[in-house]
Amino acid sequence: METNSNTITYVASKEEKKTFIEFPYSHYKDDKYWVAPLLAEQKKLLDPNKNPFYNNAEIALFNVSFNDKLAGRIAAIIDHRYNKFHNTKTGFFGFFECIEQQSTADLLFKVAEDWLREKGMNTIMGPSNPGMMDELGILVEGFDKYPTILMPYHKDYYDKIIQNAGYDKEMDLLAYLVTQDSVDHDRANRAMDIVKKRLPGIRIRNINLRKIKEEVKIIREIFNSAWSKNWGFIPLSKEEFDHLASDLKTIVDNDFAHIAEINGEPIAFSIALPDYNQIFRNMNGRLFLTGLFKILWNRKKINKVRTALMGVIPEYQGRGIDALLHREAINNGLKKGIYSSEVGWILENNIQMIRVAEKLGGTIDKRYRVYSKSLN
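Reading guide: rules and limits
Residues numbered from 1 in each chain as written. Predicted model: local features only at pLDDT ≥ 70, side-chain atom pairs only at ≥ 80, totals over all residues. Heavy atoms only, no water. 1 Å grid on protein atoms, 1.4 Å probe; cavity = no way out; pocket = protein on both sides within 12 Å on 5 of 7 lines; lining within 4 Å. Points joined across faces, edges and corners; volume = space filled by probe spheres on them. Helix = DSSP H or I, 4+ residues; strand = E, 2+ residues; numbered from the N terminus. Nonpolar A, V, L, I, M, F, W, Y, C, P; charged D, E, K, R; others polar. Axes fitted to C-alpha atoms, helices over the stretch in contact; angles between N-to-C directions. Parallel < 35°, antiparallel > 145°, perpendicular 65-115°, else oblique. Left-handed = near helix turned anticlockwise from the far one by under 90°. Contact = heavy atoms within 4.5 Å. Phe/Tyr/Trp six-rings, centres within 6.5 Å; stacked < 30°, edge-to-face > 60°. Buried < 20%, exposed > 50% of the residue type's maximum accessible area, 1.4 Å probe, protein only. Lys NZ or Arg CZ within 6 Å of the ring centre and 35° of its normal.

1. Quick look at the layout of surface pockets
Turning to step 1, where the next piece is worked out: Roughly 480 Å³ of volume is contained in the second largest pocket.
Turning to step 2, where the next piece is worked out: Along the wall of the second largest pocket there are 20 residues; nearest its centre are A191, G320, A323, V356 and K359.
Turning to step 3, where the next piece is worked out: Secondary-structure elements contributing two or more residues to the lining of the second largest pocket are helix 6 (185-198), helix 11 (321-335) and helix 12 (351-359).
Turning to step 4, where the next piece is worked out: Here the lining of the second largest pocket gets eight residues from one element, more than from any other, and that element is helix 6.
Turning to step 5, where the next piece is worked out: Considering only residue class, the lining of the second largest pocket consists of nine nonpolar, three polar and eight charged.

2. Concerning the packing of helix 11 against helix 12
Between two packed helices, what matters for the description is the angle formed by their axes and the separation of those axes.
Turning to step 1, where the next piece is worked out: Between helix 11 and helix 12, the least distance of the axes is 10 Å, while the angle of their chain directions is 40°. Considering their axes alone, helix 11 and helix 12 lie oblique with respect to each other. The handedness of the crossing between helix 11 and helix 12 comes out as right-handed. On helix 12, the residues touching D322, A323 and H326 of helix 11 are Q352, M353 and V356.
Turning to step 2, where the next piece is worked out: Its residues placed into classes, the contact of helix 11 with helix 12 shows three nonpolar, two polar and one charged.

3. Here we look at the packing of aromatic side chains
Turning to step 1, where the next piece is worked out: In the structure shown here, the tally under the stated rule is 21 aromatic pairs.
Turning to step 2, where the next piece is worked out: Summarising the aromatic geometry, the rings of Y10 and F62 are spaced 5.6 Å apart at their centres and angled 65° between planes, so their arrangement reads as edge-to-face. Taken together, the residues Y10 in strand 2 (residues 6-10) and F62 in strand 3 (residues 57-66) connect sequence positions 52 residues apart.
Turning to step 3, where the next piece is worked out: Residue class for Y10 comes out partly exposed when judged on its relative accessible area of 46%.
Turning to step 4, where the next piece is worked out: Taking relative accessible area as the criterion, F62 reaches 6% and is therefore assigned buried.
Turning to step 5, where the next piece is worked out: Aromatic side chains F93 and F96 sit 6.5 Å apart centroid to centroid with 85° between the ring planes, which places their arrangement in the edge-to-face category.
Turning to step 6, where the next piece is worked out: The structure contains a cluster of three or more aromatic residues connected by ring pairs, namely F85, F223, W227, F233, F241 and W345.
Turning to step 7, where the next piece is worked out: A cation over an aromatic ring shows up here: R73 above the ring of F20, its NZ or CZ 4.7 Å from the ring centre.
Turning to step 8, where the next piece is worked out: For R281, the ring lying beneath its charged end belongs to Y146, and the centroid distance is 3.8 Å.

In structure tokens:
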């Protein structure tokens, strides 16, 4: 299909999929703060045989060219479990990248919307890449900073062209930055004393990486309970959590991965990841033998972590346990030369978590946006 010198291609061949996956590597080549994700991981993310997300989802990929030159891409996604859980007919767009040209962006959104409409969807939301537990949202604040591990980076004109295509803000996601200079250690210690007086049976322990299967089961149960009332939530399957664990276990440092227990019963968890993006910045997405050597050689130089996952079961929320988990990671980080921690993302309407981040001494460092549009 052609319009205004734009040509849309439905991705069907291996070569077209390769073009889809590799577009960002040229699109951002002159952007100082973009960090190339590992190419092998991007391939796995879009492989229905390797990513259990697709056990309950459909996806269609589209490339767009302008005057015979590749100009953008988009995915149209249906997550059947999301619709079943929320009783909706919501489709998603994902993996959106585009040159600064409204007509090209409009065409990308049109083909994604048409595909979803034909499948019976009445709303489109995104970006999710591909699911709600993957990279989410468009960066709208924080363009002069490197993204942390598993967080996206975008061109500063994306918010404008997405809104011009008829999309409204659905939700903002916040990333808070806490540094060893900004954190109030005295306040954190006082909070710990208060929580321990209220809950004398509480204990924070490191996740046991040697028993990762048992630990993942505990974390999944806490997560599905803790997040059940949050925007965008769907319960994650055993297969999805096992897949997530297999990806993370090679980079998780158990000094930053904790489970909170009350009298031996798990009630909360927190996982902060060393910011391997500090190493990936200079690898251009390639993990050859030299890249592996760079990771092994430089990982002790990483001075930042990102709290990527956290959950407290509902009956213990609001009691300061999340602050205790953050404090544990901050104190361990101090011993290992970690200067800063990114907490996020946090939903803009999650007042409780925002207050915890602020009480720790955190300030908003980046903002990401999820959009929606009616297809009726």
